[in-house]
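Chain by chain, the residues:
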Amino acid sequence: MRRKVIAGNWKMNLTPAEAKVLVGDLAGKIAGNPACDVVVCVPFVDIATVVEATAGTCIKVGAQNMHQAEKGAFTGEISAPMLVACGVEYVVIGHSERRQYFSETDETVNAKVKSALAAGLKVILCVGETLAERETGVTEETVSRQVKLGLVGVTEAQLANVIIAYEPVWAIGTGVTASDEQAEETCAFTRGVIAEVYSAAAADAIVIQYGGSMNAANAAGLLSMGNIDGGLVGGASLKADDFATIVTAAG
Ligand code: 13P
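Residues numbered from 1 in each chain as written. Predicted model: local features only at pLDDT ≥ 70, side-chain atom pairs only at ≥ 80, totals over all residues. Heavy atoms only, no water.

### Let's talk about the site of the ligand
Convention followed: Working definition: residue near molecule or strand if any one of its non-hydrogen atoms lies within 4 Å of it. Here a polar contact means two N or O atoms within 3.5 Å. Within protein one must be a hydrogen donor candidate and the other an acceptor candidate, and residues neighboring in sequence count only if both atoms are side-chain atoms. The classification used treats Ala, Val, Leu, Ile, Met, Phe, Trp, Tyr, Cys and Pro as nonpolar, Asp, Glu, Lys and Arg as charged, and all other residues, Gly among them, as polar.
The full set of residues close to the ligand is N9, K11, H95, E167, A171, I172, G173, G212, S213, L232, G234 and G235. The side chain of K11 places a nitrogen or oxygen atom 2.8 Å from an oxygen atom of the ligand. A distance of 2.9 Å separates an oxygen atom of the ligand from a polar atom in the backbone of G235. In terms of residue class, the shell around the ligand is made up of three nonpolar, seven polar and two charged.

### Observations concerning the pairing of strand β8 (residues 230-233)
For the record, the criterion: Remark: exposure states derive from per-residue accessible area (1.4 Å probe, protein chains only) relative to the maximum for the residue type, with buried under 20%, exposed over 50%, and partly exposed in between. What counts as a helix is a DSSP run of H or I of at least four residues, what counts as a strand is a run of E of at least two, and both are numbered from the N terminus. Being paired, for any two strands, means DSSP has found at least two bridges between them.
Judged by which residues are buried, β8 turns out to be covered on both faces: G230 and L232 on one side and G231 and V233 on the other are all buried. Both strand β1 (residues 5-9) and β8 contribute to a ladder of four bridges, which runs parallel. Each residue of the ladder has a partner; that of I6, found in β8, is G231.

### A short note on the environment of G226
Turning to its location among the elements, G226 is positioned in the loop between α10 (219-223) and β8. On the accessibility criterion, G226 (53% relative accessible area) is exposed. For the pair formed by G226 and E185, sequence separation is 41 residues and the distance between their alpha carbons is 9.9 Å.

### Focus: unusual backbone geometry
Backbone geometry at K11 places phi at a positive 55°, although glycine is not the residue there. Among the structural elements, K11 can be located in the loop between β1 and α1 (16-29).

### So, the confidence of the model for the chain
We count it as follows: A score from 0 to 100, pLDDT tells how confident the predictor is in each residue.
Scored by pLDDT, the chain has a mean of 97; 100% of the residues are at 70 or more. The secondary structure element of the chain with the lowest average pLDDT is helix α6 (residues 131-136), at 96, and the one with the highest is strand β4 (residues 90-93), at 99.

### Considering the environment of K148
How we decide: By the convention used here, residues are in contact when the closest approach between their heavy atoms is within 4.5 Å.
Tracing the backbone shows K148 in helix α7 (residues 139-150). On the accessibility criterion, K148 (33% relative accessible area) is partly exposed. Sequence separation between K148 and D106 is 42 residues; the distance between their C-alpha atoms is 9.1 Å. The residues contacting K148, other than those within four sequence positions of it, are V193, E196 and V197.

### Details of the side chain of T190
Residue position: T190 is located in helix α8 (residues 180-197). With a relative accessible area of 0%, T190 lands in the buried category. Side-chain polar atoms of T190 contact the backbone oxygen of T186, separated by 2.7 Å.

Okay, structure coming up:
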């Protein structure tokens, strides 16, 4: 049985003071032993505060991006070893906003995945088609390419530290969620790609999340599907009540 993972992606929201309030609220609402893993992926400047505020709780901390080099002359960037040193356990890589606005390619995504895994981070690798790609009928081609190129050189043993987040770009921040069936279909297809590249056992073990307008109202339906092992939640992760409801729905 795969353990579900609910991860919040705060994107570029919340100062450290605001972050402290949100995780305090959240820790109160999901106290005890949730049936899933809970992660909040926060802006770099919030990491120290959130690591401290979540100590002793079930909430784990992630970053939203990193640079692929270990260190060096890359002004403004943050490396995987720096994240680890700050108590970060997870990192989101290849989010569609980074691909769209910051020119990330399957090749840079792959370099970041390998660097993160080498440093001991768990990776949430984001894949997903645009509306034009879905309408042109190349959803599977797109997801297959992003998964395969994103994981070049990643061993089956390392795959244990990789989560794939299927996030259709047309569903992100739009309020338009993929239907339970649409999300399930592409998550199942993604699992098939892992079976093809690695093995049936690897495909069976890997956690595949859905992301894109997941909220307190639609989470239970999406999370009840056989190939959806969690969620990568944007807007709704900024509200403690809604995020806690999604965590409960994963139980
Ligand atoms: P929304 O939940 O706001 O649509 O964002 C999804 C997302 O991009 C998570 O990474």
